[in-house]
Amino acid sequence: MNERLRSWLPLSILMVGGLGAWGLAQGRTQAEVPAVEVPVPEVSVVQVRPHDERVVVRTHGTVEPRTEIDLMAEIEGRVASVSPSLAVGAFFGAGDWLVVLDREDALLALERTEAAVARARSELRLAEARFARQRSLARSQIASGAMLEESEHAEKIARAQLRETIATRAQAQRDLDRTRIAAPFAGRVRSKQIDGGQFVSRGTVLARIHAVDFAEVRLPIPTAELKHLDVPLAGGVRDAPGPGPRVILRANFAGTRGHWEARIVRVEGEISPRSRMLNLVARVEDPYGLETAEPQLPLTVGLFVEAEISGRTLEGVFALPRSALRPESEVLVVDAEGQLRARKVEVLRLEDERVLVGDGLASGERVLVSALGALAGTRVRIRGAEELDDASAPLPLVGLGP
């Protein structure tokens, strides 16, 4: 009997413990778990309005002279004098004497040709008289035909000799004129290779000079930007009537920030194999201000300048910050219910801080410019919504914070 009690005793203890635990559980109040509210993110948007905008293409280049030549000696001789204007950096006018060679040899040569011309004229008069006399005798059948032919031949030789001596005299006069080397245009001296007393031969480079009526700047342009500019894509000179696209050049020179107005005058004929860009040439009139009464900052050859080229006008475009553009030319638009909707847009132009959009947006829509990790369908709260809803106020780019 005791053995049977001992076998049931553990089971009885377990049953009593289970009943006690159940009773405790029934008597305890059930704890309530509070609901977790998901916060609605606050985002920054820009409310868009279409507008017309003239494209500005930015580039840079180096100022170059429009015309630059080597000033050379056309005859040989000793340098008699050099003009003070033939100094590096000096200016000179068109027709100014820059170098004078020794003239004695040229004067002697011209004197010899003058004498030769006088002698040839006398010989021609004598030959003409003999030929006239032989013709008269031939008509009277006194002179033979051979004598007539001989006098005619002598007259032709004398005439040819006169022409030759006249040409020689003209050459001698030209050589005398070339002893004075004048400037072919108004310009500036870039380098100088000779000085007084030096002997030069024909073809010796005396100096390198460039014109100052115009200056030019070669401006490299990416080929994708050419669609925004009114230039001939086939290269060459602009064939449209009127001046080319307007260009504003800016540079720091002598501690001053200067700007100059230029025009695109031509397009170079090939794309650079290294940069894959096409060069446009901008021209500046009177770069040194020599024709203006008011002093101005000179646009010196070799100066590095920044350029802004005025392009075509884009009509009905939307300007957005670059942060609004997502991959695959998409933006996120906040709808009336405060949800993000993906929108495919037409990207017309990418700039450093902006993107110009054509189709894909409507006036007044709110485009997300922050929280780039947001997904379409997410409910958001707009920062500064009161300002956006004020339709009477201008709508600049607002809420550009993170």
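Caption draft 1: Geometry of the side chain of Glu 216. Along the chain, the position of Glu 216 falls in strand β12 (residues 214-222). Only 2.9 Å separates the side chain of Glu 216 from the side chain of Arg 283, close enough to count as a polar contact. With near-sequence residues (within four places) excluded, Glu 216 lies in contact with Thr 62, Val 63, Glu 64, Arg 66, Arg 266, Val 281, Ala 282 and Arg 283.

Caption draft 2: Summary view of the nonpolar core. Residues Val 247, Leu 249 and Ile 309 are the most contacted members of the largest nonpolar core, which totals 29 residues. When contributions to this core are tallied by element, the ones reaching two or more residues are β3 (51-65), β12, β14 (246-253), β15 (256-271), β16 (277-285) and β17 (304-321). With residues up to four places along the chain from it excluded, the contact list for Ile 309 reads Val 55, Val 56, Val 57, Thr 59, Leu 219, Ile 221, Leu 229, Pro 245, Arg 246, Val 247, Ile 264 and Leu 280. With 19 residues, the next largest nonpolar core counts Leu 86, Val 99, Ile 181 and Val 189 among its residues.

Caption draft 3: Representation of unusual backbone geometry. At Asp 286, a residue that is not glycine, the phi angle is positive and equals roughly 50°. With respect to the helices and strands, Asp 286 occurs in the loop between β16 and β17.

Caption draft 4: Seen up close, the pairing of strand β19 (residues 340-344). Where strand β18 (residues 330-334) and β19 come together, 5 bridges link them in antiparallel fashion. Paired with Leu 332 across the strands is Ala 342, a residue of β19. Linking β18 to β19, which pair antiparallel, is a turn of 5 residues; within it Gly 338 sits at a positive phi near 80°.

Caption draft 5: Focus on the sheet that holds β19. What the 4 strands build is an open sheet, ordered β2-β22-β18-β19; its pairing is antiparallel. Because the sheet does not close on itself, it has two edges, and the strands there are β2 (45-47) and β19. When strand polarity is set aside, the average angle formed by the axes of neighbouring strands in this sheet is 40°.

Caption draft 6: Broad picture of the pattern of salt bridges. Across all of its chains, the model carries 24 salt bridges by this definition. Residue Glu 74 pairs with Arg 178 through a salt bridge whose shortest N-O separation is 3.3 Å. One end of the pair, Glu 74, is in the loop between β4 (68-72) and β5 (77-82); the other, Arg 178, is in the loop between α3 (145-177) and β8 (180-182), and 104 residues separate them in sequence. With relative accessibility at 17%, the residue Arg 178 sits in the buried group. One salt bridge connects Glu 152 with Lys 156, and the closest N-O pair in it is separated by 3.6 Å. Here the residue Glu 152 and the residue Lys 156 both occupy positions in helix α3, the gap between them amounting to 4 residues, near one helical turn.

Caption draft 7: Structural context of helix α2 (residues 104-139). End to end, α2 covers 53 Å across 36 residues, agreeing with the expected 52 Å (1.5 Å per residue, within 8%). Residues of α2 that are buried: Ala 106, Leu 110, Thr 113, Ala 116, Val 117, Ala 120, Leu 124, Ala 127, Phe 131 and Gln 134. Along its buried surface, α2 packs onto α3. Just downstream of α2, Gln 141 is the residue with a positive phi angle, here 60°.

Caption draft 8: Spotlight on the side chain of Ser 151. The topology assignment puts Ser 151 in helix α3. With near-sequence residues (within four places) excluded, Ser 151 lies in contact with Ala 127, Arg 130, Phe 131 and Gln 134.

Definitions and limits used
Residues numbered from 1 in each chain as written. Predicted model: local features only at pLDDT ≥ 70, side-chain atom pairs only at ≥ 80, totals over all residues. Heavy atoms only, no water. Helix = DSSP H or I, 4+ residues; strand = E, 2+ residues; numbered from the N terminus. Polar contact = N/O pair within 3.5 Å; in protein donor to acceptor, adjacent residues only side chain to side chain. Contact = heavy atoms within 4.5 Å. Core = buried A, V, L, I, M, F, W, Y, C linked by side-chain atoms within 4.5 Å. Buried < 20%, exposed > 50% of the residue type's maximum accessible area, 1.4 Å probe, protein only. Pairing = 2+ DSSP bridges. Axes fitted to C-alpha atoms, helices over the stretch in contact; angles between N-to-C directions. Salt bridge = Lys/Arg side-chain N within 4 Å of Asp/Glu carboxyl O. Expected span 1.5 Å × (residues − 1).

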